[in-house]
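# Chains, contacts and geometry: an overview
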Amino acid sequence: MIDCLSVGILVADHLCAPIRRMPAAGELMMTDHLLLNIGGCASNAAMDLVRLGVRVAVAGCVGEDSFGQFVIDTLKKEGVDTQSIRRLQGVETSGTLIINVEGEDRRFIHTFGANGRMTAADIPRERIREAKVFYVGGYLLMPALEQEGVAELFREARAAGVTTVLDVVLPGGIDYWKQLERLLPETDVFLPNTDEAALITGKHDPREQALQFHAAGCRTAVITCGGSGTVLVTDGLRLQANSFQVPFVGGTGAGDAFDAGYIAGLLQGADPRTCLAWGSALGASCVRSIGATESVFTRAETEQFLRDNRLNITEW
């Protein structure tokens, strides 16, 4: 049995420690570190959840290349169940080049790779039924993962008492709302950031974004706003929270860490306020390093951090 099935994009991240500025054409720019890390919503969230003592399996696709083996080996080493990861012939493992510039948001160069071949048929129904939470991360960055297929799996999961959680990554060039309108009514928790929500809804106020997603059928809409905190709308409740203040090194994986913390709260049967606190604590712990997972809190560290630090949450 597992607590969470984490489904979605699996990526080999190539990233640099922050540089002073973007190099000019033909210029060589030095950095303190160049790292190869595992990335992608499904793998990041899974590794973060394992740190919290959650039993997690991952379903997704990688290539039959060294980067695919690196993804699988890294997940196994961290204690993630990898038996539902498919290795595909004739396609490379998905990769992202992450450029960190001091004082600026990250820049990403991405290739779909094997993630671009993933369909709903690659998600094992029996693993969904084993879980308490069914999480899909990076939806819309897997072009073959059709909306109707995911909606059907979400319906089956909810009928079996499994909580459905959805997060997105937006590649550009598609009608985002059209790709979500039939899926949101089958979603228990939707977790976009405010920039993604603006592209989906055309609205820039996170409160209005959350209200629109909730009106479209998702049970709970949570909009993450980086250092500005979070907004949550669910039946009969509207919340706004600040963020925990920690030294910021890099934002890679912070959204996935928030998702993991929120899911950990769900698995404890916690109320929305507590889920926000757990998500915010995990997200804050993540930004203390340039990688996606290495500085994320353990369960004991999270509990101690939440005893020592209070998240300001208000109703609106």
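For the structure itself, look to the data block above.
Reading guide: rules and limits
- Residues numbered from 1 in each chain as written.
- Predicted model: local features only at pLDDT ≥ 70, side-chain atom pairs only at ≥ 80, totals over all residues.
- Heavy atoms only, no water.
- Core = buried A, V, L, I, M, F, W, Y, C linked by side-chain atoms within 4.5 Å.
- Buried < 20%, exposed > 50% of the residue type's maximum accessible area, 1.4 Å probe, protein only.
- Helix = DSSP H or I, 4+ residues; strand = E, 2+ residues; numbered from the N terminus.
- Contact = heavy atoms within 4.5 Å.
- Salt bridge = Lys/Arg side-chain N within 4 Å of Asp/Glu carboxyl O.

### Looking at the nonpolar core
Burial of nonpolar side chains together is a common tendency in soluble globular proteins. Among the nonpolar cores identified, the biggest contains 98 residues, and L5, I123, F134, Y139, F190, F213 and L276 are the most heavily contacted of them. By residue number, the principal contributor to this core is helix 8 (residues 272-286), which donates eight residues. Filtering out sequence-adjacent residues up to four positions away, F213 remains in contact with W177, L184, F190, P192, A197, I200, T201, C218, A221 and I223. Counting five residues, the second largest nonpolar core, distinct from the first, contains I19, M29, I99 and V101.

### With respect to the pattern of salt bridges
Per the counting criterion, the structure on display carries 17 salt bridges. For the salt bridge of R125 with E152, the shortest nitrogen-to-oxygen distance reads 3.0 Å. Of the two residues, R125 sits in helix 3 (residues 125-130) while E152 sits in helix 4 (residues 147-159), which places them 27 residues apart along the sequence. Residue R125 is classed as partly exposed on the basis of its relative accessible area of 32%.

### What about the environment of G90?
Position of G90 among the secondary structure elements: in the loop between strand 5 (81-88) and strand 6 (95-99). It is 34 Å that separates the C-alpha atoms of G90 and N193, two residues lying 103 residues apart in sequence.

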